[in-house]
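# Geometric and topological summary
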Amino acid sequence: MSRLAATFEELSKTGRKALIPFVTAGDPRPDFTLPLMHAMVEAGADVIELGVPFSDPMADGPVIQRASERALDHKMSLRRTLAIAAEFRKTNQQTPVVLMGYVNPIEAMGYEDFANAAQRAEIDGVLTVDLPPEEADECVALLKARGIDPIFLLAPNSTDERIKKMDAAGSGYLYYVSLKGVTGAGHLNTADVETKLNQIRASTHLPVAIGFGVKDAQTAKTVANLGDGVVIGSALISKIEANQDDPERAKREIVELLGAMRQAIDS
Amino acid sequence: MTEKYNMPDERGHFGPYGGMFVAETLIPPIQELNAAYQQYLNDPEFIAELDADLKYYVGRPSPLYHAERWSRELGGAQIYLKREDLNHTGAHKINNTIGQALLAKRMGKTRIIAETGAGQHGVATATVAARLGLECVVYMGAVDVARQSLNVYRMKLLGAKVVAVESGSKTLKDALNEALRDWVTNVDNTFYIIGTVAGPHPYPAMVRDFQAIIGREAKQQCQDQTGRLPDALVACVGGGSNAIGLFYPFIDDSSVKMIGVEAAGDGIETGRHSAPLCAGRPGVLHGNRTYLMEDDDGEIVETHSISAGLDYPGVGPEHAWLKDTGRAEYVNITDTEALEGFHALTRMEGIIPALESSHAMAYTMKLAPTMKKDEIIIVCLSGRGDKDMQTMAQREGIEL
Ligand SMILES: Cc1ncc(COP(=O)(O)O)c(C=O)c1O
């Protein structure tokens with residue numbers, strides 16, 4: 001069983017929900033990411049989504065765009081992101097790591113080379129924002145052959161037909177983008193999310209993580225309970241942005257926020 | 001060619017290129033657009049309305065003009081200019097915006113967004129939005145806002161909101177990113193009018209089909225005026241819409257050479273250029289697979305060209321396919337050469353071309369002398385140079 005499947009199964013046995021932080025690798029500096037990953041696990045993270053910086057992050061709002069720019073200023077890349085993940089795995093065998101990014105850096109490396117490198121780094125899942133199932137056959141086959149879960153997105157306007165398509169192509173979990181918009185946008189509407197989740201559940205047995213627009217512990221709890229997990233991105237990255245000259249403080253604030261979310265979700 | 005050219009396939013692929021590489025939220029609106037486009041493409045009422053607008057509003061057909069003096073001076077092939085500069089708003093861009101705006105109206109969309117580089121597409125979009133009474137937001141890189149301020153003012157006069165994009169390299173590619181972000185956020189009421197043959201399927205095919213009026217007219221006019229097909233077609237390539245518009249109706253005429261001219265900026269060897277077909281490699285950006293300018297890690301690199309309309313790191317996927325199959329040839333022209341083309345046409349024929357089009361003129365100056373006097377080149381004069389007066393004056397140290 002994949003590390004992701006095992007994690008969600010274990011959570012579901014104990015009636016808990018997954019807390020999934022997203023941070024951009026190399027933001028604000030390459031050496032910050034590894035200790036941050038370990039700290040987030042200690043604060044209660046069940047899965048880590050590690051953002052691969054890209055020059056043209058079309059689906060991201062300003063907060064994650066700037067995170068990408070800061071990381072790229074330090075020459076962060078897909079290769080170096082994989083190296084950080086491999087380093088993390090040396091001392092943490094439990095927590096799944098999911099790479100999240102855009103398809104061009106993967107194209108540049110070559111799908112097969114990328115799949116091999118991801119396997120060597122013991123990556124658990126790959127979420128490629130601009131690679132819908134229609135274009136993903138080759139990449140999905142290579143990943144699945146290596147026991148890596150391809151993670152697909154669902155949106156508020158996804159039809160039943162598309163949900164079934166994601167269910168067939170994806171594994172590990174499905175990521176429900178809770179609002180029409182870019183990352184970090186306004187606030188999500190929990191009633192809408194609940195309605196959509198019912199529709200999604202009818203077409204898939206995969207766990208569903210919900211993200212986009214989750215900023216505080218209370219929303220995290222509400223949203224987590226509608227699905228199987230909650231993804232927190234821009235709210236964490238804002239802490240990095242606000243404390244660029246003091247990464248230790250950024251880490252402390254992230255740990256605090258995640259800790260509060262963990263507590264709220266479990267209560 | 002024995003088989004008729006029939007690209008793209010139904011999923012928008014030109015061989016390995018094109019496709020639909022977008023985030024999930026954009027899949028439904030793109031499918032909706034594709035369905036509407038397929039429906040109206042063959043709808044007699046839609047076609048009649050489009051034709052009438054092109055005739056009475058845009059001023060089509062645009063002339064095919066025999067540049068006799070210039071041809072004589074160059075001493076080779078006869079040069080014919082397809083005068084897209086004479087269209088309303090001064091470039092080929094309006095052929096496409098008229099078509100897409102009519103689609104938007106049919107689809108009940110009330111808000112139009114667009115990206116623009118030189119500002120020509122922004123102006124052409126603001127123009128049709130004004131005419132149809134639609135809200136219009138144009139995204140433009142902050143660098144381009146500064147170097148094309150005249151067009152920014154035109155767009156504002158036309159009632160559009162112009163948003164200066166401050167992210168990334170602050171040029172056309174970043175404007176496209178921002179327009180995509182807007183679209184994801186406002187999918188329900190918003191129609192995104194992309195200005196070139198880029199973006200996810202169906203844009204590359206749809207924009208081509210709207211621009212193909214250039215080549216259809218040119219083919220007929222060339223027959224009427226010379227009794228034969230041209231020997232070569234020349235057009236500048238930014239995203240590639242004026243070029244594919246001219247080329248497409250000739251694709252099955254294998255005797256007709258097709259040459260796209262990319263911007264070499266300071267020179268290909270300097271790395272400061274905008275020539276993905278000549279010096280890039282395949283990758284995925286803005287919804288399609290095509291040739292890109294990128295580094296080893298797949299990050300898109302900054303481009304350079306004196307002409308804002310060619311300053312783009314990608315190119316329409318159909319050009320990538322035409323390059324790989326050898327049906328079209330792609331060359332490049334530096335800033336300095338483009339300026340020579342600009343001055344040559346201005347002084348020899350009394351026509352001031354856009355800096356984008358000047359790249360095609362400069363290549364024609366190289367090509368024509370290598371051809372026989374009874375051979376024919378059709379060059380796409382994609383736009384007029386009025387918008388570039390500031391850039392030119394600045395370049396030549398003149399204060400206006
Ligand atoms: C006059 C003119 N020609 C050419 C272009 C390049 O676009 P494309 O390659 O899509 O024709 C532009 C773009 O702004 C333009 O304004």
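Numbers given for residues are sequential positions, taken from 1 along each chain in its written order. Each chain takes a letter, starting from A, and each ligand takes a number, starting from 1, following the order in which they are written. It should be noted that, the model being predicted, local features are given only for residues of pLDDT at least 70 and side-chain atom pairs only at 80 or more, the latter also being counted only at that level, while totals for whole chains, interfaces and linings use all residues. Hydrogens are left out, water is left out, and the side-chain values use all remaining heavy atoms of the structure.

### Quick look at the overall build of chain B
By definition, any uninterrupted DSSP run of H or I lasting at least four residues is a helix, any uninterrupted run of E lasting at least two residues is a strand, and each is numbered from the N terminus. For chain B, the count of helices and strands is 16 helices and 15 strands. Throughout, the radius of gyration refers to the C-alpha atoms, and the reference size of a globule is 2.2 Å times the residue count to the power 0.38. Against the globule reference of 21 Å for 400 residues, chain B gives a C-alpha radius of gyration of 19 Å, in line with a compact fold. Referenced to the eigenvectors of the C-alpha coordinate spread, the extents of chain B come out at roughly 55 × 50 × 45 Å. We call a residue buried when its accessible area falls under 20% of the maximum for its residue type, exposed when it is over 50%, and partly exposed in between, using a 1.4 Å probe and counting protein chains only. Across the 400 residues that make up chain B, the buried fraction comes to 66%. Here, residues are in contact when the closest pair of their heavy atoms is within 4.5 Å. Taking the intrachain contacts of chain B between residues at least 6 apart in sequence as the baseline, contacts between residues at least 24 apart amount to 74%. When charges are counted, neither His nor the chain ends are considered; positive counts come from Lys and Arg and negative counts from Asp and Glu. Where a charge lies is defined by one atom per residue type: Lys uses NZ, Arg uses CZ, Asp uses CG and Glu uses CD. Measuring between centres, the 38 positive side-chain charges of chain B sit 4 Å from its 52 negative side-chain charges.

### Here's the deal with the overall build of chain A
In terms of regular secondary structure, chain A is built from 12 helices and eight strands. At 17 Å, chain A has a C-alpha radius of gyration in line with the 18 Å of a compact globule built from 267 residues. Taking the principal axes of the C-alpha coordinates as reference, chain A spans close to 45 × 40 × 35 Å. Expressed as a percentage of its 267 residues, the buried residues of chain A come to 64%. Residue pairs in contact within chain A that sit at least 24 positions apart in sequence constitute 72% of those at least 6 positions apart. Averaging the positions of the 28 positive and the 37 negative side-chain charges in chain A gives two centres separated by 3 Å.

### Quick notes on empty space enclosed by the protein
Residue and element names in this part refer to chain B. Only protein atoms enter the 1 Å grid used here. Points where a 1.4 Å probe fits but cannot escape make up a cavity, open sets with protein on both sides within 12 Å along at least five of seven lines make up a pocket, and a residue lines them when an atom lies within 4 Å of a point. Grid points are joined across faces, edges and corners, and a volume is the space filled by probe spheres set on the points. Scanning the entire structure with this criterion turns up eight cavities of 30 Å³ or more. In this model, the largest cavity occupies a volume close to 330 Å³. Every residue lining the largest cavity is counted, 29 residues in all, and those nearest its centre are His 92, Lys 93, Gly 309, Leu 310 and Glu 356. Counting residues per element, the ones that place at least two in the lining of the largest cavity are strand E5 (111-116), helix H5 (120-132), helix H8 (172-185), helix H11 (241-247) and helix H15 (355-367). Approximately 100 Å³ is the volume attributed to the second largest cavity.

### What to know about the sheet that holds strand E6 (residues 135-141) of chain B
Residue and element names in this part refer to chain B. The rule for pairing is simple: two strands pair if DSSP sees at least two bridges between them. One open sheet holds the four strands; their spatial order is E7-E6-E5-E8, and the pairing between them is parallel. Two strands close off the open sheet at either side, each with one partner strand: strand E7 (161-165) and strand E8 (190-192). Strand-to-strand twist of the sheet, defined as the mean angle between neighbouring strand axes without regard to direction, takes the value 25°. Two strands pair when backbone bridges link them, and E6 and E7 are joined in this way by five bridges, in the parallel orientation. Along E7, the bridge assignment pairs Gly 141 with Val 165. Axis definition: a line fit to C-alpha positions, over the contact stretch in the case of helices; interaxial angles, taken between N-to-C directions, run 0 to 180 degrees.

### Describing the sheet that holds strand E1 (residues 18-24) of chain A
Residues and elements named next belong to chain A. Strand order in the closed barrel formed by eight strands is E1-E2-E3-E4-E5-E6-E7-E8, and the pairing between neighbours is parallel. Between one strand axis and the next, the sheet turns through 25° on average, direction left out of account. Pairing of strand E4 (residues 125-128) with strand E5 (residues 149-154) involves three bridges; the strand directions are parallel. Looking across to E5, one finds that Gly 125 is bridged to Asp 149. Its contacts with the sheet put helix H10 (residues 217-226) on strand E7 (208-211) and strand E8 (229-232), and the angle it makes with E8 is roughly 135°.

### Topic: the interface of chain B and chain A
With 38 residues of chain B in contact, the opposing surface of chain A contributes 35 residues. Counting the surface chain B buries against chain A, the share from its top three residues, Glu 24, Arg 181 and Glu 299 of chain B, is 23%. Salt bridges, as used here, are contacts in which a Lys or Arg side-chain nitrogen is within 4 Å of a carboxyl oxygen on Asp or Glu. If you look at where chain B meets chain A, you find four salt bridges. Throughout this description, a polar contact denotes any pair of N or O atoms lying within 3.5 Å of each other; where both atoms belong to protein, one of them has to be capable of donating a hydrogen while the other can accept it, and for residues adjacent in sequence the pair is counted only when both atoms sit in side chains. At the boundary of chain B and chain A, one finds 19 residue pairs in polar contact (both at pLDDT 80 or more). No other element matches the eight residues that H8 of chain B contributes to the side of chain B that touches chain A. Values labelled buried area give the accessible surface lost by two parts on being combined, using a 1.4 Å probe and summing over both.

### With respect to the packing of aromatic side chains
Residues and elements named next belong to chain B. Geometry of aromatic contacts follows a simple scheme: Phe, Tyr and Trp rings, the Trp one being its six-membered ring, pair when their centres are within 6.5 Å, and the pair is stacked under 30 degrees between planes, edge-to-face over 60, tilted otherwise. Overall, the coordinates contain 10 aromatic pairs over all chains when judged by the stated rule. Note on Trp 183 and Tyr 203: the rings are 6.2 Å apart at their centroids and 75° apart in plane angle, and the pair reads as edge-to-face. One end of the pair, Trp 183, is in helix H8; the other, Tyr 203, is in helix H9 (residues 203-211), and 20 residues separate them in sequence. For Tyr 203, a relative accessible area of 0% corresponds to the buried category. Here the aromatic cluster, defined as three or more aromatic residues joined through ring pairs, consists of Trp 183, Tyr 192 and Tyr 203. The rule for a charge over a ring is simple: NZ of Lys or CZ of Arg within 6 Å of the ring centre, and within 35 degrees of the ring normal. Cation over ring: Arg 106 sits above Tyr 40, and NZ or CZ is 5.5 Å from the ring centre. The positively charged end of Arg 131 is found above the aromatic ring belonging to Tyr 57, 4.3 Å away from the centroid.

### Considerations on helix H2 (residues 33-42) of chain A
Residues and elements named next belong to chain A. Here H2 has its buried residues at Thr 33, Leu 36, Met 37, Ala 39 and Met 40. Within H2, the buried residues cover an arc of 165° as seen down the axis, which keeps them to one side. As for H2, its buried residues are in contact with E1, strand E2 (48-51), helix H4 (78-91), strand E3 (97-101), helix H11 (234-242) and helix H12 (247-266). Think of it as the arc spanned by the lines of direction from the helix axis to the C-beta atoms.

### Re a nonpolar patch on the surface
Note that patches include only residues with greater than 30% relative accessible area and no salt bridge, and the join distances are 9 Å for like charges and 5 Å for nonpolar side chains (Val, Leu, Ile, Met, Phe, Trp, Tyr). Per-residue accessibility takes into account occlusion by the displayed protein chains alone, with areas from the Shrake-Rupley method and a 1.4 Å probe. Taken together, the side chains of Ile 352, Met 389, Ile 398 and Leu 400 of chain B define a hydrophobic patch exposed on the protein surface, amounting to about 390 Å² of accessible area. By secondary structure assignment, the location of Leu 400 of chain B is in the segment after helix H16 (389-395).

### With respect to unusual backbone geometry
Following Asp 27 of chain A, the chain continues to Pro 28 of chain A via a peptide bond in cis, the omega torsion being 0°. Position of Pro 28 of chain A among the secondary structure elements: in the loop between E1 and H2. Pro 8 of chain B follows Met 7 of chain B through a cis peptide bond whose omega is 0°. With respect to the helices, strands and loops of the structure, Pro 8 of chain B is situated in the segment before strand E1 (13-14). Despite not being glycine, Glu 122 of chain A shows a phi value in the positive range, around 55°. On the secondary structure map, Glu 122 of chain A appears in the loop between helix H6 (111-120) and E4. By relative accessible area, Glu 122 of chain A is classed as partly exposed at 34%. Although it is not a glycine, His 286 of chain B sits at a positive phi angle of roughly 50°. Tracing the backbone shows His 286 of chain B in the loop between strand E12 (281-285) and strand E13 (288-292). On the basis of relative accessible area, His 286 of chain B is assigned to the buried category, the value being 2%.

### Let's talk about the site of the ligand
All names here are of chain B. Nearness of a residue to a molecule or strand requires only that one of the residue's heavy atoms be within 4 Å of it. As a matter of local geometry, the ligand sits amid 18 residues, with Thr 196, Gly 238, Gly 240, Ser 241 and Ser 382 nearest to it. Backbone polar atom of Gly 238 to an oxygen atom of the ligand: 2.7 Å apart, as the coordinates give it. In this structure, Asn 242 approaches the ligand through a side-chain N or O atom, which is 2.8 Å from an oxygen atom. Relative to its unbound accessible surface of 390 Å², the ligand loses 97% to contact with the protein. What decides whether a molecule sits in a cavity or pocket is whether more than half of its atoms lie within 2 Å of the grid points. Most atoms of the ligand, that is more than half of them, are within 2 Å of grid points of the largest cavity. Three categories are distinguished: nonpolar for Ala, Val, Leu, Ile, Met, Phe, Trp, Tyr, Cys and Pro, charged for Asp, Glu, Lys and Arg, and polar for the others, with Gly belonging to the last. A breakdown of the residues in the shell around the ligand according to their chemical character gives five nonpolar, 11 polar and two charged.

### Things to note about the nonpolar core
Nonpolar side chains tend toward joint burial in soluble globular proteins. Within the largest apolar cluster, 191 residues are counted, with the highest numbers of intra-cluster contacts made by Leu 82, Phe 114 and Tyr 175 of chain A together with Leu 103 and Leu 246 of chain B. Apart from residues no more than four positions distant in its own chain, Phe 114 of chain A is found in contact with Leu 78, Leu 82, Leu 99, Ile 106, Met 109, Val 126 and Leu 143 of chain A. Joining through side-chain atoms within 4.5 Å is the link that ties buried Ala, Val, Leu, Ile, Met, Phe, Trp, Tyr and Cys residues into a set, and such a set is a nonpolar core.

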